[in-house]
2 protein chains.
Amino acid sequence: MNTKPEDNFPFICGLDAALRVIGGKWKPLVLYFLRKGPMRYGELQRSVRGVSDKVLIQQLKELEAHGIVLRTDHREIPPRVDYTLTPLGCSLADALTSLCGWGEKHSATIAAALAGREKEGVG
Amino acid sequence: MNTKPEDNFPFICGLDAALRVIGGKWKPLVLYFLRKGPMRYGELQRSVRGVSDKVLIQQLKELEAHGIVLRTDHREIPPRVDYTLTPLGCSLADALTSLCGWGEKHSATIAAALAGREKEGVG
DNA sequence: CCGAATCCGTGTCGATACTG
DNA sequence: CAGTATCGACACGGATTCGG
């Protein structure tokens, strides 16, 4: 078994390592919304529009197992579960902000490209 | 209706928009390696270890259709194809650097978490 | 919040056109 | 036969939909 950090680096690069954590289809969005503060499960599902409850829970569990989010079950009726970013998850969400800014800045271009790239002179 | 940004924003947020472009499993890695300069297809496939030729070509085509990379077929024998980042792709690759840095910084923690999180005192 | 059926993205293998 | 870039059929795993 490998115990040394050098041996525990089966990644191509830092980006590859990060992708192992946010590799899920919706994980980056979860990080993004959780960045503003703790959220209940339902709140999260409504925010990340398009995700199914099954997958959201699944990816939430993975993020929890990877030490990115913290799940708090208040054991109440009706069920009340909060999800919060750990310090590690917070730093990860912070690393996503530049990507978020890029998406905002080029949203029109991206939308045009996704639509079929018929014309790019939208500005 | 001249395609105002508000109309061309079918995204939840900027991060959502960015994910439409780098949504593929290997696209971020492609951006990362292409960031250093033009690369031939074979070079790219050897760099992004783990990706199959079929999927790499597929995602390369999508990136090209989205205006992120530029495909240059030299029409030579043997086949010679170069892939380069467009200015847009270059800015996208730049937005990924913070994520890359995060992965490098926490690579040991990530590796431990992926291994099952048995212990985190690897340092 | 979990399970079964289904669809889509991805991985594996094989095939193609042409040169050395 | 070996190498380069690309595509096709098939199978697996992840993601969505529906049902409990």
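Residues numbered from 1 in each chain as written. Chains lettered and ligands numbered in written order. Predicted model: local features only at pLDDT ≥ 70, side-chain atom pairs only at ≥ 80, totals over all residues. Heavy atoms only, no water.

- In the annotation of an unreviewed UniProt entry, chain A is listed under the name DNA-binding HxlR family transcriptional regulator and assigned to Roseibium marinum.

### Here's the deal with the sheet that holds strand 2 (residues 69-73) of chain B
Residue and element names in this part refer to chain B.
No. 1: Spatial strand order, 1-3-2: three strands in an open sheet with antiparallel pairing. Since the sheet does not close on itself, it has two edges, and those belong to strand 1 (39-40) and strand 2, each with one partner.
No. 2: Note: strand 2 against strand 3 (residues 81-85), five bridges, orientation antiparallel. Counterpart to V69 in the pairing with strand 3 is L85.
No. 3: With respect to the sheet, helix 2 (residues 27-34) is in contact with strand 1, strand 2 and strand 3, its orientation differing from that of strand 3 by roughly 90 degrees. (Pairing = 2+ DSSP bridges. Helix = DSSP H or I, 4+ residues; strand = E, 2+ residues; numbered from the N terminus. Contact = heavy atoms within 4.5 Å. Axes fitted to C-alpha atoms, helices over the stretch in contact; angles between N-to-C directions.)

### Description of the UniProt feature "domain: HTH hxlR-type" (unreviewed entry) in chain A
No. 1: The feature "domain: HTH hxlR-type" (unreviewed entry), as annotated in UniProt, sits at residues 13-111 of chain A in this numbering.
No. 2: In the segment residues 13-111 of chain A, helix accounts for 61% and strand for 12%; the C-alpha atoms at its two ends are 30 Å apart. (UniProt positions renumbered as here; feature names shortened; annotations may be inferred.)

### Structural notes on the packing of aromatic side chains
All names here are of chain A.
No. 1: Across all of its chains, the model carries two aromatic pairs over all chains by this definition.
No. 2: With a centroid separation of 5.2 Å and an interplanar angle of 75 degrees, the aromatic rings of Y32 and F33 are classed as edge-to-face.
No. 3: Given a relative accessible area of 9%, F33 falls into the buried group. (Phe/Tyr/Trp six-rings, centres within 6.5 Å; stacked < 30°, edge-to-face > 60°. Buried < 20%, exposed > 50% of the residue type's maximum accessible area, 1.4 Å probe, protein only.)

### Overview of the relation of the copies chain B and chain A
One copy of the chain maps onto the other through a rotation about an axis followed by a shift along the same axis.
No. 1: Each copy superposes on the other: chain B lies on chain A with an RMSD of 0.1 Å after a rotation of 180 degrees and an axial shift of 0.0 Å. The two molecules are tied by a two-fold rotation axis, judged by turn and shift. For chain B, the smallest separation between a C-alpha atom and the rotation axis is recorded for S98 of chain B, amounting to 3.6 Å. (Least-squares fit on C-alpha atoms with pLDDT ≥ 70 in both.)

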